[in-house]
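Structural overview
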Amino acid sequence: MTKVFFLFLFFSLTASAQIASTDSTVTINEEKVFRSTDVDLKPQLNEGMYTLSMFISDNFKFPEAIKNKKITIFSSFIVEPDGTLTNIKAFHVNVKEYLPTTVVKTSTENEKINQLDQIESMKAETVRVLKLFKKTWIPATKEDKVVRCLYNYPINFNIE
């Protein structure tokens, strides 16, 4: 019985040692991420922020069912110390009527449901387009050190 116990203990320790050794080879960037309000110099683009706006407007594919809407998509990403973007997310969509519904034909219930689905799909499209943007950012600095910075970027569309 004691031999079985020692064999079990030996195999358990061997298995946990193997797991521990494989875990140590995984590299995860665990540096602190600062908010853009907490840094001395916010991340920026050499050519100006309008280049990102132009890139989005040139590459964004709009769902066809969406009409008469003012849409703001709230996105965020981390600007890394090397100027690349990581953790790109679109987390909220705000929608308002572009023209009063008295001026524009109101939609049927099915059309409204379809529009809501397509508006929600715009989050994924936002992430897709931001991942395509390959210009290198000037990273944020805090106390003269280059740091990781969470950057919130609202994207506005007026769709007639």
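Residues numbered from 1 in each chain as written. Predicted model: local features only at pLDDT ≥ 70, side-chain atom pairs only at ≥ 80, totals over all residues. Heavy atoms only, no water.

Within a regular strand, side chains alternate between the sheet's two faces. Bridge count for strand β3 (residues 69-79) against strand β4 (residues 85-97) is 10 bridges, and the pairing is antiparallel. Following the sheet pairing, Ile73 is matched in β4 by Val93. Between β3 and the antiparallel strand that follows it, β4, lie five residues; Gly83 among them carries a positive phi value of about 90°. (Pairing = 2+ DSSP bridges. Helix = DSSP H or I, 4+ residues; strand = E, 2+ residues; numbered from the N terminus.)

Let us now look at the confidence of the model for the protein. For the protein, the average pLDDT comes to 80, and 76% of its residues sit at 70 or higher. This model gives residues 1-28 a pLDDT under 50, and the stretch forms zero contacts once residues within four places in sequence are excluded. (pLDDT = per-residue confidence, 0-100. Contact = heavy atoms within 4.5 Å.)

It is worth spelling out the environment of Asn94 at this point. When you line up the elements, Asn94 lands in strand β4. Each C-alpha atom, one on Asn94 and one on Thr72, is 5.1 Å from the other, the two residues being 22 residues apart in sequence. For Asn94, the residues in contact, after removing those within four places along its chain, are Lys70, Ile71, Thr72 and Phe74.

Turning next to helix α3 (residues 109-132). Under the 1.5 Å per step criterion, the end-to-end length of α3 is 35 Å for 24 residues, consistent within 8% with the ideal 34 Å. Gln115, Ile119, Met122, Lys123, Glu125, Thr126, Val127, Val129 and Leu130 are the residues of α3 that are buried. Buried positions along α3 lie against α2 (50-59), β3, β4 and β7 (145-159). (Expected span 1.5 Å × (residues − 1). Buried < 20%, exposed > 50% of the residue type's maximum accessible area, 1.4 Å probe, protein only.)

Before going further, it helps to spend a moment on the side chain of Thr72. Mapped onto the fold, Thr72 is located in strand β3. Assessed through its relative accessible area of 15%, Thr72 is described here as buried. For Thr72, the side chain forms a polar contact with the side chain of Asn156, separated by 2.7 Å. When residues no more than four places from it in sequence are discounted, the contact partners of Thr72 are His92, Val93, Asn94, Pro154, Ile155 and Asn156. (Polar contact = N/O pair within 3.5 Å; in protein donor to acceptor, adjacent residues only side chain to side chain.)

Right, let's talk about the environment of Gln115 for a bit. The topology assignment puts Gln115 in helix α3. Classification of Gln115 as buried rests on a relative accessible area of 9%.

Enumeration over the complete set of coordinates arrives at four salt bridges. The closest approach of N and O atoms between Glu80 and Arg148, which form a salt bridge, is 2.8 Å. Residue Glu80 is located in the loop between β3 and β4, and its partner Arg148 is located in strand β7; the two are separated by 68 residues in the primary sequence. Relative accessible area serves as the criterion here: at 6%, Arg148 is assigned to the buried category. The shortest N-O distance in the salt bridge between Glu125 and Arg128 comes to 2.6 Å. Note that Glu125 and Arg128 are positioned in helix α3 at a spacing of three residues, about one turn of the helix. Arg128 gets classed as partly exposed once you look at its relative accessible area, which sits at 31%. (Salt bridge = Lys/Arg side-chain N within 4 Å of Asp/Glu carboxyl O.)

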